[in-house]
Amino acid sequence: MGTDRTVAVFGAYGHTGRFVVAELRARGLRPVLVGRDPDKLKALAYGMEPYGTGPSGTTAYGTEERATGTYTTPPDVRTASAHDPASIDRALTGAAAVINCAGPFATTAAPVIEAALRAGVPYADVAAEIEANLDTFAHYAERARESGASIVPATAFFGGLGDLLATAAMGDWATADEAHIAYGLSSWHPTAGTRTAGAASRERRGHGRRIRYTGGRLEHRDDASPTLGWRFPEPLGPRTVIGEFTMADVVTVPSHLTVPEVRTYMTAEAARDLAAPDTPAPAAVDERGRSDQTFLVDVVVRSGGAERRAVARGQPINAVTAPLVVEAVERVLTGRTRAVGVASAGKMFDAPDFLRALSPHITVELFSQQVRGRTAARRGALPT
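Summarised in this report is the structure supplied together with it. Small disclaimer: the values here were computed from a predicted structure and weren't measured.

## Things to note about the overall build of the protein
Turning to step 1, where the next piece is worked out: Along the backbone of the protein there are 12 helices and 19 strands.
Turning to step 2, where the next piece is worked out: Expressed as a percentage of the 384 residues in the protein, the buried residues total 53%.
Turning to step 3, where the next piece is worked out: Long-range contacts, defined here as pairs at least 24 residues apart, represent 69% of the contacts in the protein between residues at least 6 apart.
Turning to step 4, where the next piece is worked out: Total accessible area on the protein is roughly 16600 Å²; 50% of this is exposed by carbon and sulfur atoms.

## Considerations on the pattern of salt bridges
Turning to step 1, where the next piece is worked out: Counting across every chain of the model gives 28 salt bridges.
Turning to step 2, where the next piece is worked out: Taking the shortest distance from any N to any O, the salt bridge between Glu 178 and Arg 302 comes out at 3.0 Å. Taken together, the positions of Glu 178 in strand 9 (residues 178–185) and Arg 302 in strand 15 (residues 295–303) put the pair 124 residues apart, joining distant regions of the chain.
Turning to step 3, where the next piece is worked out: Sharing partners across several salt bridges, the network here consists of Arg 210, Arg 212, Arg 217, Glu 219, Arg 221, Asp 223, Glu 244, Glu 261 and Arg 263.

## Digging into the sheet that holds strand 7 (residues 123–125)
Turning to step 1, where the next piece is worked out: Spatially, 7 strands are ordered 5-2-1-6-7-8-17 in an open sheet, and the strand pairing comes out parallel. Strands with a single pairing partner mark the edges of an open sheet, and in this sheet they are strand 5 (77–79) and strand 17 (341–342).
Turning to step 2, where the next piece is worked out: Where strand 2 (residues 30–35) meets strand 5, 3 bridges bridge the pair, whose relative direction is parallel. The residue of strand 5 that forms the bridge with Leu 33 is Val 77.
Turning to step 3, where the next piece is worked out: Across the sheet, helix 10 (residues 317–333) is in contact with strand 1 (6–10), strand 6 (97–100), strand 7 and strand 8 (150–152); its angle to strand 6 comes to roughly 160°.

## Some thoughts on the environment of Thr 79
Turning to step 1, where the next piece is worked out: Mapping Thr 79 onto the fold places it in strand 5.
Turning to step 2, where the next piece is worked out: On a C-alpha basis, the gap between Thr 79 and Gly 11 in space is 9.9 Å, while along the polypeptide they are 68 residues apart.

## Some words on the packing of aromatic side chains
Centre distance and the angle of the planes are the two values used to describe a pair of aromatic rings.
Turning to step 1, where the next piece is worked out: In the structure shown here, the tally under the stated rule is 9 aromatic pairs.
Turning to step 2, where the next piece is worked out: Here the aromatic rings of Phe 157 and Phe 295 are separated by 4.7 Å at their centres, their planes lie at 70°, and the arrangement is edge-to-face. Here the residue Phe 157 occupies a position in helix 6 (residues 157–170), and Phe 295 occupies one in strand 15, the gap between them amounting to 138 residues.
Turning to step 3, where the next piece is worked out: Taking the centre distance of 6.4 Å and the plane angle of 55° together, the rings of Trp 230 and Phe 232 count as tilted. Pair check on accessibility: Trp 230 and Phe 232 agree, each one buried.
Turning to step 4, where the next piece is worked out: Three or more aromatic residues link up through ring pairs in this structure, and these residues are Phe 157, Phe 158, Tyr 183, Trp 188, Phe 245 and Phe 295.

The rules behind each value
- Residues numbered from 1 in each chain as written.
- Predicted model: local features only at pLDDT ≥ 70, side-chain atom pairs only at ≥ 80, totals over all residues.
- Heavy atoms only, no water.
- Helix = DSSP H or I, 4+ residues; strand = E, 2+ residues; numbered from the N terminus.
- Buried < 20%, exposed > 50% of the residue type's maximum accessible area, 1.4 Å probe, protein only.
- Contact = heavy atoms within 4.5 Å.
- Areas by Shrake-Rupley, 256 points an atom, 1.4 Å probe, with all protein chains shown as cover.
- Salt bridge = Lys/Arg side-chain N within 4 Å of Asp/Glu carboxyl O.
- Pairing = 2+ DSSP bridges.
- Axes fitted to C-alpha atoms, helices over the stretch in contact; angles between N-to-C directions.
- Phe/Tyr/Trp six-rings, centres within 6.5 Å; stacked < 30°, edge-to-face > 60°.

What follows is the structure, given as structure tokens:
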């Protein structure tokens, strides 16, 4: 185990990985850049921009350096492949934790988790792949618990944020009848990694099949997802959504909350963006590299005649994933955890406190009301 300020980032030069590296630096943590391509790693380390292709088909880079944060020297660069365990071991030397940003996680999660267990360091990833997250819980829960390790899968916009919101909304409820997580995206410009991960999931479950969580278990279905209406809070308002547009929340939420029905929804426009093969990748609109995609996540949990709701707003998906996963790792390194072994963010951490810590990046509100009979609503900040 290394210095508690050094964090290895596997897949550092990917779209989300770059945001994670920037967030680590902003918090005074020192990233170690890990990936398969040494040229891309060096370009990221020195703040260089690719301008063309070299004589051997490799990417060539300019020579002008840009500012790389508060460090006077570039971060460490270490090449590693998910297919070479020894290379991952070398990459984690001296690191206090590892964040896996390299999809598809069906390929990378297990090798990086194994290396983290060998090194005795905590692991977190940003996997949105349902099957990969199921594998992590199924294959590593006992080993991680016995060794006292911390493994936090799906610590991202999909999976992690919905789980934190549902946990905060539940409050003092021990159980609930159902949980609904509706994603209101202004648009969805998928990254290359998102498309690759989606293809890996479709391959594993069988093309044309989908998943939903009902009756306390996952169920595969061959029919089309229903099209429904969802009344989002303003300014989004009523929208058409794809019902049972199942995301990683159906793994994270039931992993620790007793809720037999967990459904996720996606605005129809965003679902069409994702499905279209010609939808471009996200483009930066500010100096931080963020795109103009905004989101509203509306989480509703119901028990008997009562309903509780949590709403989060922010911009955009990938840039929010970075503070979420880095906050998780920093909390593990400083001992602010509530569980040992494999646990989702909502189980591992104090959910309301965690969401408050994300306030520079998202805004969160909680509501509660009686569904039947006379309505008594409460609206306000997260509880202290």
